[in-house]
Amino acid sequence: MQSRPSPPRPVLSFRVGVTGHRNLSAAQMVRLDGEIADLLRRIVREVRAVHSDHADVYDDSPARLSLLSQLAKGADQMASRIGLGMGFRLRTVLPLSPRAYRSDFDGANAVEFAALLKQSEHVWRPFSGKGSRDRAYALAGEATVAQSDILLAVWDGKAARGVGGTGDVVEHAVRRGVPVLHLDASGHGVVTALWSALDGLSPEKLDHRNAPSRPLTGPLLRQIIRALLAPPTDPEEAAGLKTFLGDHSRRLSVRPEYPFLLALTRVQPLRRRNFVAPDYLRAAEANWRGFYDQPLVGTAETRASLAGLQAAFAWADGLADHFAQSYRSAGVFNYAASALAVMMALIGLLAPRAGTFLQAGELLAVLLLIGNTNLGNSRGWHRRWLDYRFLAEQLRPMRSLALLGAATPERYAHIRVEPAERWTDWYAAAIWRGIGPPPTIPDAKALKTLIDHLTREEVDDQVAYNRRNAERMHRLDHRLHLTGTALFYVTTGLSVTALIAAAIHTKIPHLEVRLMTFVSATLPTIAAAVFGIRGQGDFAAAGGRSAETAVWLDRVAAQLREHPGDLTLASRGLEDATQVMLADLGDWRVSYRHRKLVIPG
């Protein structure tokens with residue numbers, strides 16, 4: 001029997017970047033050949049061990065190992081040749097066109113360059129504009145780091161002799177939080193690891209002189225690989241990952257209470273998807289159609305490169321929508337049911353003969369309230385909504401970051417050399433590693449067009465969404481506030497009327513007294529339920545966060561449009577936009593973390 005479709009398990013992908021000196025003596029080459037081969041062999045062994053140990057969370061296909069190299073003579077060509085022999089896929093990053101770059105080499109080095117170029121799975125050249133060759137080399141180094149999970153550096157430990165040299169690439173990797181495995185260029189030194197996570201430091205202000213460094217022993221290499229690839233060890237996080245990977249699509253929704261609330265308050269009309277959700281994969285395909293409507297983005301190669309990311313996003317987004325509606329609707333139901341239970345008790349004042357029926361109804365309302373709360377909490381509607389929505393928004397901007405080739409999603413600083421603390425971070429990182437190589441940007445016009453397209457699709461789209469959400473949340477909060485307040489005012493009016501009647505000795509019929517008592521007790525009950533829904537949803541704060549996020553993203557979009565021809569600045573700009581969006585979601589996640597379903601008191 002075929003199992004139900006569920007979120008994709010990521011393919012285990014691991015990318016080793018290479019940088020190193022060109023001018024190495026024959027003796028150095030012999031010694032380094034053995035050291036590089038030994039190090040790559042150990043990396044392969046550790047990566048495959050992670051795949052074997054965590055086969056339940058990774059795809060069944062073999063681990064995909066890639067080596068990124070600029071194919072320069074010396075260390076680059078040597079590591080590339082060794083890597084190919086061990087089963088690595090070779091991905092080449094060229095600072096210049098193949099013809100211009102080939103002029104850097106002669107003799108056997110030129111022959112090997114041509115041979116390795118033919119064996120490359122993918123050849124990519126970042127567009128550097130009309131600047132100097134130094135700028136092109138620097139950008140190639142940045143791109144190598146951005147597309148690598150770990151950097152193998154054959155380096156003498158000295159500052160770069162030119163812009164974009166080995167020392168510069170190492171410094172960039174240190175600041176970007178990428179582990180560096182340093183092989184002394186002499187071939188005599190001990191292999192060392194440089195990584196901010198070794199001491200739990202933030203990498204941005206570090207360099208090779210003050211970055212934490214350790215001799216690369218077997219256990220340390222194992223720790224580093226597992227910190228990058230292994231899922232969280234915390235039982236709660238491991239359970240969250242297992243739940244997500246075992247989840248299934250839910251097309252029908254039997255919890256329409258929250259959509260009805262939006263419709264009653266005239267904030268948003270009822271829609272078909274409130275009751276029947278679209279197929280997750282088809283919905284994502286429709287959602288991303290505009291994103292692919294661009295020459296570089298819409299190619300078959302780019303679509304194939306992003307296919308795994310799109311599928312992962314589709315599941316996270318679809319499930320997040322489902323559990324958001326389930327949780328919010330359950331909260332609305334709880335407050336409505338509590339008000340209904342009180343109202344049934346009060347109706348007994350008007351219809352004492354129906355007392356038994358009303359007591360049974362009151363009991364049923366209370367039991368449904370308790371059952372609803374227990375059901376939602378036991379099935380983790382609240383936690384799954386928060387986790388799945390955060391994951392979806394981690395995944396969405398990766399499509400744009402990946403296309404630039406020199407940008408990365410936020411690298412979460414490890415407090416220790418241990419796996420990610422949150423399963424959503426682990427899953428997002430695993431999906432990011434599996435994205436294919438970026439498309440080559442041929443010229444300045446193509447770069448400008450691409451950056452404008454990504455700004456419009458990724459940043460402007462989120463600005464518009466956050467503005468709409470801010471306005472929607474403000475209206476909902478305001479109308480709930482007006483409704484609750486109006487009910488209290490009516491209650492006050494009834495009470496004042498009764499007091500005036502008593503003061504002037506006006507006799508009110510017994511039935512009208514009971515009716516007035518019922519209404520004056522019922523209206524505050526409904527008002528309290530309305531304010532309870534308002535407080536549980538925290539709509540005002542949600543709207544405020546969305547409004548602030550829209551302002552920040554609008555500034556980022558303006559900055560991106562100021563430098564449409566600079567790949568580095570565009571990469572940093574899109575990274576900034578991603579961090580703004582995730583910071584907003586992080587605040588939302590923290591504020592809602594403890595807002596589980598409760599029985600109104």
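Residues numbered from 1 in each chain as written. Predicted model: local features only at pLDDT ≥ 70, side-chain atom pairs only at ≥ 80, totals over all residues. Heavy atoms only, no water.

Caption draft 1: A look at empty space enclosed by the protein. As enumerated under the stated definition, the model contains four cavities of 30 Å³ or more in all. By volume, the second largest cavity is sized at about 110 Å³. Forming the walls of the second largest cavity are Y258, Y327, R328, G331, V332, I533, Q536, G537, F539 and Y592. Of all the secondary structure elements, the ones that give two or more residues to the lining of the second largest cavity are helix 11 (300–350) and helix 17 (510–537). (1 Å grid on protein atoms, 1.4 Å probe; cavity = no way out; pocket = protein on both sides within 12 Å on 5 of 7 lines; lining within 4 Å. Points joined across faces, edges and corners; volume = space filled by probe spheres on them. Helix = DSSP H or I, 4+ residues; strand = E, 2+ residues; numbered from the N terminus.)

Caption draft 2: Spatial organisation of the environment of A407. With respect to the secondary-structure elements, A407 resides in the loop between helix 14 (398–404) and helix 15 (423–434). Note on A407: relative accessible area 3%, which makes it buried. Considering only alpha carbons, one finds A407 and V145, 262 residues apart in sequence, at a separation of 9.5 Å. When neighbours within four sequence positions are excluded, A407 is seen to be in contact with A146, L401, W432, S571, R572 and E575. (Buried < 20%, exposed > 50% of the residue type's maximum accessible area, 1.4 Å probe, protein only. Contact = heavy atoms within 4.5 Å.)

Caption draft 3: Inspection of the pattern of salt bridges at higher detail. Taken as a whole and assessed by the stated rule, the structure comprises 38 salt bridges. One salt bridge in this structure joins D60 and R9, with 3.2 Å as the shortest N-O distance. Residue D60 is found in the loop between helix 1 (26–53) and strand 2 (64–69), and its partner R9 is found in the segment before strand 1 (13–20); the two are separated by 51 residues along the sequence. Exposure remark for R9: the relative accessible area of 28% places this residue in the partly exposed category. A network of salt bridges, in which partner residues are shared, links E236, E237, R383, D387, R589 and R593. (Salt bridge = Lys/Arg side-chain N within 4 Å of Asp/Glu carboxyl O.)

Caption draft 4: View of the layout of surface pockets. Counted as a void, the largest pocket has a volume near 1600 Å³. Along its surface, the largest pocket is lined by 50 residues, and D317, D321, R389, Y465 and R472 are the ones closest to its centre. For the lining of the largest pocket, the elements supplying multiple residues, two or more each, are helix 9 (257–264), helix 10 (280–287), helix 11, helix 13 (381–395), helix 16 (444–503), helix 18 (539–562) and helix 19 (567–592). In terms of residue count, helix 11 provides more of the lining of the largest pocket than any other element does, ten residues in total. Residue classes in the lining of the largest pocket are distributed as 20 nonpolar, 13 polar and 17 charged. (Nonpolar A, V, L, I, M, F, W, Y, C, P; charged D, E, K, R; others polar.)

Caption draft 5: Highlighting the packing of aromatic side chains. Inspection of the entire model under this criterion finds 23 aromatic pairs. Judged by centre distance (5.3 Å) and plane angle (70°), the rings of Y58 and W426 are edge-to-face. Residue Y58 is found in the loop between helix 1 and strand 2, and its partner W426 is found in helix 15; the two are separated by 368 residues along the sequence. Relative accessible area serves as the criterion here: at 2%, W426 is assigned to the buried category. Among the aromatic side chains, those forming a connected cluster through ring pairs are Y58, F244, F323, Y388, W423, W426 and Y427. Here the guanidinium or amino end of R399 rests over the ring plane of F291, the centre of that ring lying 4.3 Å away. Positioned above the aromatic ring of W552, the side-chain terminus of R555 is 4.7 Å from the ring centre. (Phe/Tyr/Trp six-rings, centres within 6.5 Å; stacked < 30°, edge-to-face > 60°. Lys NZ or Arg CZ within 6 Å of the ring centre and 35° of its normal.)

Caption draft 6: Examining the packing of helix 5 (residues 133–146) against helix 19 more closely. Axis separation between helix 5 and helix 19 bottoms out at 11 Å; the angle between their running directions is 30°. On the basis of the axis angle, helix 5 is roughly parallel to helix 19. Residues R135, L139 and E142 of helix 5 form the contact with helix 19, whose own contacting residues are L567, T568 and R572. Residue classes in the contact of helix 5 with helix 19 are distributed as two nonpolar, one polar and three charged. (Axes fitted to C-alpha atoms, helices over the stretch in contact; angles between N-to-C directions. Parallel < 35°, antiparallel > 145°, perpendicular 65-115°, else oblique.)

Caption draft 7: Inspection of unusual backbone geometry at higher detail. In this model, R266 sits at a positive phi of 60°, which is unusual for a non-glycine residue. The residue R266 is located in the loop between helix 9 and helix 10 in this model. The exposure class of R266 is exposed, given its relative accessible area of 70%. Although it is not a glycine, D538 sits at a positive phi angle of roughly 50°. Looking at the element boundaries, D538 is found in the loop between helix 17 and helix 18.

Caption draft 8: Fine view of the environment of G308. With respect to the secondary-structure elements, G308 resides in helix 11. Relative accessible area serves as the criterion here: at 43%, G308 is assigned to the partly exposed category. Linking G308 and P8, residues 300 residues apart in sequence, is a C-alpha distance of 8.1 Å.

It is worth stressing that arrangement in space is one thing and function is another; only the former is reported here.
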